[in-house]
Amino acid sequence: MTPEADHRGRPGPSTGDAGAPQVTVDGVAVTARTGQTVAGLLVSAGRTSWRSTRGGGRPRGLFCGIGVCFDCLVEVNGVPDVRACQRLVADGDDIRTAPRPRPAAPGGPAGDGTRTGEA
Amino acid sequence: MARLIAVVGAGPAGMAAALAAADAGAEVVLVDAAPRVGGQYHRQPPPGLADQHAGPGFARLEAELAGHPRVRHLAETVVWALEPRPGGHRLHLRTGPADSPHRTARVLDPAALVLATGAHDRALPFPGWDLPGVVTAGAAQALAKGQRVAVGRRVLLAGTGPFLFPVAQSLIEVGAHLVGVLEANRVGATAAGWLARPAALLAGRAKLPELAGYLGLLARHRIAYRTGHAVLAAHGTDRVEAVTTARLTRDWRVVPGSARRIAVDAVCVGFGFTPQLELAVAAGCDLDATGTCVRVDIAQATSTPGVFAAGELTGVGGADLAAAEGRVAGASAARHLGLAVPVPRAALRQVRAGRGFAAALAGAYPVRPGWRSWLTEDTLVCRCEEVSYGALCQAVRQRAALGGRVLRLTSRVGLGPCQGRICGRNAAELAEALLCRADQRPPLTPAASARRPIAAPIRLGELATTPTEPSEHGFASTDPTDRSEA
Ligand SMILES: Cc1cc2nc3c(=O)[nH]c(=O)nc-3n(C[C@H](O)[C@H](O)[C@H](O)COP(=O)(O)OP(=O)(O)OC[C@H]3O[C@@H](n4cnc5c(N)ncnc54)[C@H](O)[C@@H]3O)c2cc1C
Ligand code: FES
Ligand code: FES
């Protein structure tokens, strides 16, 4: 088997522990671990949500974990809509989570009522 | 190229298919979106994240694939579209970091195709299921196995089926405090499902020690495993802070007075699996009677000549069955190319036994109709487009039975970025129930909702660089000069 090395320029999964990727999350410098996904990095930093929906301004983070649901979108190096659960962190990545506009939630088809109240 | 077989998906099914086909003399290209082979079952933490849990069986498989002169593995490569061409199909591939605009494009014209694209968790909607901290059981599993991270500190696991057990084990291993495991089906109902198929139970005998092991693990950690229970609602403002659980009747309606509130910071839900059908549907493969799986014959051949399918795509039955089906599919694909291949008798036997076991599983852990009573008017049915149950009801009533597309267009259910993968099946069942009440025909079949010309996300800008002709190895590619994004 000859694994393709099309995506050089970032640590592949076989480079071991050396050279842990240095990245920024919303401008803050963070040392990631080789092989970590952006979602893995965010969740281990204690984040549960990192964007909000267009309609109702609902917070969203990880949901399916395998690239199917598109809940976990982040911006990486200026490119929006990158699935955080699928994207491996690479050295130098500039990761931006979406600011969280607290909803007046007018246009949302379901209003903001899905959250079933306080805890 | 005459002897080229493409295998899409490198889980247990695809790995086995690639080896079987290559051993029979075919040239194999094994394509998977992930950086490593293994699929969902053999998901490995990358070397940078220590604490490898690779079983010896997997290590051997991975080494065998890596050393095989006729297997070429395309890692981090998605098949984003499949189109018919004279005498076969053309696959459109992209290689590179997920969702990057700088991926390498290729097309591949294999002489035979094995689809082993697996499945994803089915999540049922309930009030608050879109709060952050509510994830699928598979997400918790992928995060634990692949990233060595627990999805939360106080975690509740709920849903149905034996998949909850390995997820519980992984959560314990990564240090989560598991406050309980809720199985929605009742023991009595489950046992009846098993007893309806004694032969299958016998076939699944090998699984019993495994099951006993899981129950022992939960007991040692004093984790309650409650059957006939489910999460009815998740509460919180910016994230889940508590859940309401309740006892269920046999058909999953709530037993009055049984609701309890539990503080948690994560909830994992899994109600079985939904096969990833889009490439099979694009290849014109017939689905089975349930409309959720690809129909295959004893040789794993689909209704489309030259296209074979294996693994969860053809029915959910676990990794061993997936691997056995893969061996059969790989051999059949090689035979389709005219290679002399001995009949894979052992694998065929395993498939037969495994299918019986899978049918028994499906009978024991069905999704029962009472889940629809958990929804409130404002529960989101479609997460992407934020369509509530109330809005869906209204759309169904207005446009009764005019067909799936119409329903989608009037309510926007299924029109979001996931293309209905998360909401399609649930919305179809909800709409069907509403229409049955109104005495009309169901509007949306799963097959209709799996018709997705774009099987994996691709950026508009990337479409401009799509190669049109494959080169000698059945390949064509664009060669972007700058692939780094930093
Ligand atoms: C998130 C998740 C975790 C699971 N964990 C376990 C577990 O720990 N234990 C267990 O017993 N069972 C687990 N399962 C059940 C599991 O699906 C089966 O046991 C087994 O992995 C099925 O094997 P498969 O080969 O059919 O599919 P999979 O293992 O799912 O493999 C399918 C592969 O196809 C690839 N693929 C799909 N579409 C494309 C495309 N268009 N282009 C490129 N590649 C593609 C995927 O990347 C994936 O690697 C899990 C399921 C899920 C969804
Ligand atoms: S969590 Fe579903 S796509 Fe990432
Ligand atoms: S959840 Fe409905 S389209 Fe994604």
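Residues numbered from 1 in each chain as written. Chains lettered and ligands numbered in written order. Predicted model: local features only at pLDDT ≥ 70, side-chain atom pairs only at ≥ 80, totals over all residues. Heavy atoms only, no water.

As recorded by an unreviewed UniProt entry, chain B carries the name Thioredoxin reductase and is attributed to Goodfellowiella coeruleoviolacea.

Under an unreviewed UniProt entry, chain A has the name 2Fe-2S iron-sulfur cluster binding domain-containing protein and belongs to Goodfellowiella coeruleoviolacea.

A.B. asks: Residues and numbers for the overall build of chain A, please.
C.D. replies: Across its full length, chain A carries one helix and seven strands. Relative to its 119 residues, chain A shows a buried fraction of 55%. The contacts of chain A with a sequence gap of at least 6 include a subset with a gap of at least 24, amounting to 43%. Split by element, the accessible area of chain A, about 4800 Å² in all, is 53% carbon and sulfur. (Helix = DSSP H or I, 4+ residues; strand = E, 2+ residues; numbered from the N terminus. Buried < 20%, exposed > 50% of the residue type's maximum accessible area, 1.4 Å probe, protein only. Contact = heavy atoms within 4.5 Å. Areas by Shrake-Rupley, 256 points an atom, 1.4 Å probe, with all protein chains shown as cover.)

A.B. asks: Go over the sheet that holds strand 11 (residues 177–183) of chain B, please, and point to the residues and values.
C.D. replies: Residues and elements named next belong to chain B. With parallel pairing, the five strands of this open sheet are ordered in space as 9-16-10-11-12. Only two strands of the sheet have a single partner each, and these edge strands are strand 9 (134–136) and strand 12 (225–227). Between one strand axis and the next, the sheet turns through 20 degrees on average, direction left out of account. Bridge analysis of strand 10 (residues 154–160) against strand 11 gives six bridges, and the strand direction is parallel. Counted as the bridge partner of Leu 156 is Gly 180 from strand 11. Running over the sheet, helix 3 (residues 137–147) touches strand 9, strand 10 and strand 16 (266–271) and is turned about 80 degrees from strand 9. (Pairing = 2+ DSSP bridges. Axes fitted to C-alpha atoms, helices over the stretch in contact; angles between N-to-C directions.)

A.B. asks: Describe the pattern of salt bridges, with residues and values.
C.D. replies: One pass over the full model with this rule turns up 16 salt bridges over all chains. Salt-bridge contacts for Arg 47 of chain A lead to Asp 26 of chain A; the nearest nitrogen and oxygen are separated by 3.7 Å. A residue pair is termed long-range when its members are at least 10 positions apart, and Arg 47 of chain A in the loop between helix 1 (38–44) and strand 3 (49–52) and Asp 26 of chain A in the loop between strand 1 (22–25) and strand 2 (28–31) qualify at 21 residues. The exposure class assigned to Asp 26 of chain A is partly exposed, which follows from its relative accessible area of 32%. Between Glu 62 of chain B and Arg 36 of chain B there is a salt bridge, with the nearest N and O atoms lying 3.1 Å from each other. On the criterion of sequence distance, the pair formed by Glu 62 of chain B in helix 2 (residues 56–67) and Arg 36 of chain B in the loop between strand 2 (27–31) and helix 2 is long-range, its members being 26 residues apart. (Salt bridge = Lys/Arg side-chain N within 4 Å of Asp/Glu carboxyl O.)

A.B. asks: Account for the packing of helix 1 (residues 12–23) of chain B against helix 2 of chain B, with residues named and values stated.
C.D. replies: Residues and elements named next belong to chain B. Between helix 1 and helix 2, whose axes approach to 11 Å, the crossing angle comes to 45 degrees. In terms of their interaxial angle, helix 1 and helix 2 are classed as oblique. The two elements helix 1 and helix 2 meet at a crossing, and its hand is left-handed. On helix 2, the residues that touch Met 15, Ala 18, Leu 19 and Asp 23 of helix 1 are Phe 58, Leu 61, Glu 64 and Leu 65. (Parallel < 35°, antiparallel > 145°, perpendicular 65-115°, else oblique. Left-handed = near helix turned anticlockwise from the far one by under 90°.)

A.B. asks: I'd love a proper account of the packing of aromatic side chains, names of residues and values included.
C.D. replies: The final tally for this structure, using the stated rule, is seven aromatic pairs over all chains. A ring pair is formed by Trp 252 of chain B and Trp 374 of chain B, whose centres lie 6.1 Å apart and whose planes are at 15 degrees; its orientation type is stacked. Of the two residues, Trp 252 of chain B sits in the loop between strand 14 (242–247) and strand 15 (260–263) while Trp 374 of chain B sits in the loop between helix 10 (345–364) and strand 19 (380–382), which places them 122 residues apart along the sequence. Note on accessibility: Trp 252 of chain B and Trp 374 of chain B belong to one class, buried. Ring plane angle 55 degrees and centroid distance 6.2 Å describe the contact between Phe 271 of chain B and Trp 374 of chain B, whose orientation is recorded as tilted. Taken as a pair, Phe 271 of chain B in strand 16 and Trp 374 of chain B in the loop between helix 10 and strand 19 lie far apart in primary sequence, 103 residues in all. Accessibility classification places Phe 271 of chain B together with Trp 374 of chain B in one group, the buried group. Aromatic ring contacts, followed pair by pair, group Phe 165, Tyr 214 and Tyr 225 of chain B into a single cluster. Geometry around Phe 63 of chain A places Arg 383 of chain B over its ring, the cationic atom sitting 3.5 Å from the centre. The ring of Trp 129 of chain B has Arg 383 of chain B sitting right over it, with the charged end atom 4.8 Å from the ring centre. (Phe/Tyr/Trp six-rings, centres within 6.5 Å; stacked < 30°, edge-to-face > 60°. Lys NZ or Arg CZ within 6 Å of the ring centre and 35° of its normal.)

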